[in-house]
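Residue-level structural notes
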Amino acid sequence: MGSAMGERDHRRQRWAARGALAAVALAALLPIVSGGLKGLLLLLAGLVGLALTAAALWWVLSRRGPARMAAAVLAVVAPVGVITLFAAANLIWVVFASLLLWCLAVWSGRYALRSTGLRPMRVKEYRTPPPQRPFILLNPRSGGGKVGKFSLKEKAEELGAQVVLLDPDHHQDVTALAKAAVADGADLLGVAGGDGTQAMVAAVAAEHGLPFLVISAGTRNHFAMDLGLDRDDPSTCLDALTDGVELRVDLGFADGRPFVNNASFGVYGAVVQSPGYRDDKVGAALERLPELLTRQSGPRLTASADGTTIADPQAVLVSNNAYRMDDPFGFGRRERLNSGKLGVLAVRVDSAVEAAELLLSPRPEGLTVLTAQHVVVDADEPHLEVGLDGEALTLPAPVHCRIARRALRVRVPRNRPGVPEAPPRLDWRRLRKLAAAVGRTAAPARSRRS
């Protein structure tokens, strides 16, 4: 019976792979089959519209005044014009049908690959006793006042934690506060604040081998998201004090400065230095970007990642583990936090044509994506402006980035609603092999824990 069930599973796997490939082919051919020569011309018009939109967005970011306004109009007119052409030819339904076919292809392809057992590994959970003397720092301004909104101070104190509410009107050294708490006997350090504050206290916890508690009370909470924590209700993070498990995750460093998410050099690193960035991020970016993107200001960067040299990028992002770039549904998330590898994303775009290539080409020359254990970012100036977990810093060049593998013990609630089953990466080459197979094709199941 087991053999029959296994063969049935393999058969479903093969047909799911074939269904994914068929859906992709239909999505590409539907405009031509439905409209003939007209459909082919409209398909080409759609590609031209995408290229024009990418070019227009480049001009919006790299120009000022009337040129920027004209580019903004083009960025709207180009896609609207393409949709209008399809509607005039009574082929607008083709656009929606193609989108549905692409969705079907993604779902079917993931089903086929999921059944091979090649799923992303999840971080191993360690069951440890609850802390006896937890120490928690709360930033009342973080996330628009989530500390007060969710009564985090009162709830943490009810659970036996020593709580320090940071003074919003006076700068306080959170690293010094955390070290003082360790000296006083704290056996857990926790923070409700932005990712930059999280990183500083996390480094103290890692240095002393103590568990670290993340409370998702920041604005975006990227680190909390990748840990699977509830970002809508930060008070649920306090469940880790009584019913928690520990994860061993990596911690990144840029010249000794810790980061839990990323260190940004170049364009973003310069934009976050703007005085008005916190109050008006879009306005500050539009003010600085024209000179930065056209290289009228800012340093010329060179990055080296484990021997690979990246010459003259406008922006370099070094992340604590790699972000997903190949999947629109998981874009910007990290499926692992314990790989022991830095993610490296570098962008070089010097014209509207290169901006269009960045959007349309499957492997654009201006985009470098890789992983490394050691990254060095150098410049033709003595100092580099850096965005470290969103915090503005200036560091002497070159800046050395490294990763401390599984150096951080993060204590999280045992039940975390934000831990979905990570879907497998869409590997079209493997799908073709599965579709062509005639016998058992499933790879041996691999442990999902590491």
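Residues numbered from 1 in each chain as written. Predicted model: local features only at pLDDT ≥ 70, side-chain atom pairs only at ≥ 80, totals over all residues. Heavy atoms only, no water.

Digging into the pairing of strand β16 (residues 391-396)
This is how the line gets drawn: Any two strands with at least two DSSP-identified bridges between them are counted as paired. Only DSSP runs of H or I covering at least 4 residues are called helices, and only runs of E covering at least 2 are called strands; the numbering of each starts at the N terminus.
Sheet topology places strand β15 (residues 383-388) next to β16; six bridges connect them, and they run antiparallel. Bridge assignment links Glu-385 to a residue of β16, and that residue is Thr-394. The antiparallel pairing of β15 with β16 creates a hairpin that spans two residues between the two strands, and Asp-389 there sits at a positive phi of about 50 degrees.

Re helix α10 (residues 281-293)
Put simply, the rule is: By this rule, a helix spans an expected 1.5 Å times one less than how many residues it contains. To obtain the bend at a residue, axes are fitted to the seven residues ending there and to the seven starting there, and the angle between these axes is taken. Working definition: with a 1.4 Å probe on protein chains only, accessible area under 20% of the residue-type maximum means buried, over 50% means exposed, and in between means partly exposed.
Compared with an ideal rise of 1.5 Å per residue, which puts 13 residues at 18 Å, α10 spans 17 Å between its outermost C-alpha atoms and is within 8% of the ideal. For α10, the principal kink sits at Glu-287 and spans about 30 degrees; a proline, Pro-290, occurs within the next four residues. Among all positions in α10, only Ala-284, Ala-285, Leu-289, Pro-290, Leu-292 and Leu-293 are buried. Where α10 ends, the next residue or the one after it, Arg-295, has phi of about 65 degrees, a positive value.

Regarding the sheet that holds strand β8 (residues 262-266)
Stated precisely, the cut-off is as follows: Here, axes are lines fitted to C-alpha atoms. For helices the fit covers the stretch in contact, and angles between N-to-C directions go from 0 to 180 degrees.
Strand order in the open sheet made by the six strands is β13-β12-β11-β8-β15-β16, with antiparallel pairing throughout. Of all strands in the sheet, those bounded by a partner on one side alone are β13 (367-372) and β16. Each strand of the sheet is rotated relative to its neighbour by a mean of 20 degrees, with strand direction disregarded. Across three bridges, β8 lies against β15 in antiparallel orientation.

Here we look at the UniProt feature "transmembrane region" (unreviewed entry) in the protein chain
Applicable threshold: UniProt positions are given in the numbering used here, feature names are shortened, and annotations may be inferred rather than shown by experiment.
In this numbering, the UniProt entry assigns the feature "transmembrane region" (unreviewed entry) to residues 15-34, 40-61, 68-86 and 92-113. Strand forms 0% of residues 40-61 and helix 100%; the C-alpha atoms that close the span are 32 Å apart.

What to know about the UniProt feature "domain: DAGKc" (unreviewed entry) in the protein chain
Under the feature "domain: DAGKc" (unreviewed entry), the UniProt entry names residues 129-258. Helix makes up 32% of residues 129-258 and strand 25%, whereas the separation of the span's terminal C-alpha atoms amounts to 27 Å.

Examining the side chain of Asn-221
Inclusion rule: Only heavy atoms matter for contacts: two residues are in contact if any of them lie within 4.5 Å across the pair.
In this fold, Asn-221 is placed in the loop between β5 (211-215) and α8 (222-227). If sequence neighbours within four positions are ignored, Asn-221 has contacts with Lys-146, Gly-193, Asp-195, Ser-216 and Arg-231.

Describing the packing of aromatic side chains
Quick note on the threshold: What counts as a ring pair is set by centres within 6.5 Å for rings of Phe, Tyr and Trp (its six-membered ring), and what kind of pair is set by the plane angle: stacked under 30 degrees, edge-to-face over 60, tilted for all other angles. We call a charge positioned above a ring when the Lys NZ or Arg CZ atom is no farther than 6 Å from the ring centre and deviates by at most 35 degrees from the ring normal.
As enumerated under the stated definition, the model contains one aromatic pair in all. Taking 6.0 Å as the distance between ring centres and 20 degrees as the angle between the ring planes, the aromatic pair formed by Trp-107 and Tyr-111 counts as stacked. Residue Trp-107 and its partner Tyr-111 are both found in helix α3 (residues 92-114); the two are separated by four residues, about one turn of the helix. Its relative accessible area of 59% is what places Trp-107 among the exposed residues. For the cation-ring pair, Arg-248 lies above Tyr-126, with the distance from its terminal atom to the ring centre recorded as 4.2 Å. When the ring centre of Phe-253 is taken as origin, the NZ or CZ atom of Arg-402, which lies over that ring, is 4.3 Å away.

Here we look at a positive patch on the surface
Selection criterion: Nonpolar side chains (Val, Leu, Ile, Met, Phe, Trp, Tyr) are joined into patches within 5 Å and like charges within 9 Å, using only residues with over 30% relative accessible area and no salt bridge. Note on areas: these come from Shrake-Rupley sampling with a 1.4 Å probe, and a residue is covered only by the protein chains present in the view. What counts as a salt bridge is simple: a side-chain nitrogen of Lys or Arg found within 4 Å of a carboxyl oxygen of Asp or Glu. Only four residue types enter the tally: Lys and Arg on the positive side, Asp and Glu on the negative side; His and the chain ends are excluded. By convention, the point assigned to a charge is CZ for Arg, NZ for Lys, CD for Glu and CG for Asp.
A cluster of basic residues, Arg-363, Arg-429, Arg-432 and Lys-433, forms a positive patch at the surface. As for its placement among the helices and strands, Arg-363 is situated in the loop between α11 (352-360) and β13.

Here we look at unusual backbone geometry
Here the amide bond leading from Ala-397 into Pro-398 is cis, since omega sits at -5 degrees, within 30 degrees of zero. Positionally, Pro-398 belongs in the loop between β16 and β17 (399-413). In this structure, Arg-295 takes a positive phi of about 65 degrees despite not being glycine. Note that Arg-295 resides in the loop between α10 and β9 (301-305).

Thoughts on helix α2 (residues 65-88)
Taking 1.5 Å as the rise per residue, α2 with 24 residues should run 34 Å; its terminal C-alpha atoms sit 34 Å apart, in good agreement. Of all the positions in α2, only Arg-68, Ala-71, Ala-75, Ala-78, Val-82 and Phe-86 are classed as buried.

A short note on the environment of Ala-112
Here Ala-112 is to be found in helix α3. Of the residues examined, Ala-112 reaches a relative accessible area of 0% and is grouped as buried. Separated by 222 residues in the primary sequence, Ala-112 and Arg-334 have C-alpha atoms spaced 22 Å apart. Setting aside residues up to four positions removed in sequence, Ala-112 forms contacts with Gln-13, Ala-16, Ala-17, Leu-431 and Leu-434.

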